[in-house]
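Residues per chain, in single letters:
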Amino acid sequence: MNRIQKVLLKQYIKQKAKWWIMDTFIVRKKIIKNKIIDKKIFRKNLSRLSRLWMKSEIDRQKKSFSHESSFLSDRFDFFNIWLNIIDFKIINFPKFYSRLENKLALITISGINNFVEYSENYRLK
């Protein structure tokens, strides 16, 4: 493809995307005004809105990460230095070879979960 064809194709894709977004919001307005009562159109519109929201959220996170990346890397470096100062040792998760070990792990985790739920409920009161 030559340069002119690439430019035309890019413009077509942008125009198609604008039309798709505009159509989504027009249908949403019709749904809000109770002019459309078709479940198929509801689902299609909801999935379109979800895709648009996900795309905007991904773009927002990319922008915020690019602006804050130096800040995050400084904090991460500080965290690594702090772990080295306190002589942090990695605790390996045990390897479960038998059913009994799996059961004990599940009981322990559920006990911790119950304790956390109880403490959260107690704090809320």
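Residues numbered from 1 in each chain as written. Predicted model: local features only at pLDDT ≥ 70, side-chain atom pairs only at ≥ 80, totals over all residues. Heavy atoms only, no water.

## Topic: a positive patch on the surface
Now for step 1: Side chains of Lys29, Lys30, Lys33 and Lys35 sit close together on the surface and give a patch of like positive charge.
Now for step 2: Its location among the elements puts Lys33 in the loop between helix 1 (3-32) and helix 2 (39-85).
Now for step 3: The exposed category is assigned to Lys33, whose relative accessible area is 58%. (Patch = residues over 30% accessible without salt bridge, like charges linked within 9 Å, V, L, I, M, F, W, Y side chains within 5 Å. Areas by Shrake-Rupley, 256 points an atom, 1.4 Å probe, with all protein chains shown as cover. Salt bridge = Lys/Arg side-chain N within 4 Å of Asp/Glu carboxyl O. Lys, Arg positive; Asp, Glu negative; His and termini not counted. Charge placed at Lys NZ, Arg CZ, Asp CG, Glu CD. Helix = DSSP H or I, 4+ residues; strand = E, 2+ residues; numbered from the N terminus. Buried < 20%, exposed > 50% of the residue type's maximum accessible area, 1.4 Å probe, protein only.)

## Quick word on a nonpolar patch on the surface
Now for step 1: Residues Phe78, Phe79, Ile81, Trp82, Ile85, Ile86, Phe88 and Ile90 make up a contiguous nonpolar surface patch of roughly 920 Å² in combined accessible area.
Now for step 2: Of note, Ile81 is situated in helix 2.

## Focus: the pattern of salt bridges
Two side chains that carry opposite charge are able to pair once their charged atoms sit near each other.
Now for step 1: Counted by the stated rule, this structure contains three salt bridges.
Now for step 2: Notably, a salt bridge pairs Asp59 with Lys55, separated by 3.4 Å at the nearest N-O pair. Taken together, the residues Asp59 and Lys55, both in helix 2 and four residues apart, mark about one turn of the helix.
Now for step 3: According to the relative accessible area criterion, Asp59 is partly exposed, its value standing at 33%.
Now for step 4: For Glu57, the salt bridge goes to Arg60, with nearest N and O atoms at 2.5 Å. Of this pair, Glu57 and Arg60 both sit in helix 2, three residues apart, which is roughly one turn of that helix.
Now for step 5: Residue classification places Glu57 among the buried residues on the basis of a relative accessible area of 19%.

## Considering the side chain of Arg48
Now for step 1: Here Arg48 is to be found in helix 2.
Now for step 2: We classify Arg48 as buried; its relative accessible area is 10%.
Now for step 3: Beyond its immediate sequence surroundings of up to four residues, Arg48 is in contact with Trp20, Asp23 and Thr24. (Contact = heavy atoms within 4.5 Å.)

Purely spatial values, then, with no claim about function.
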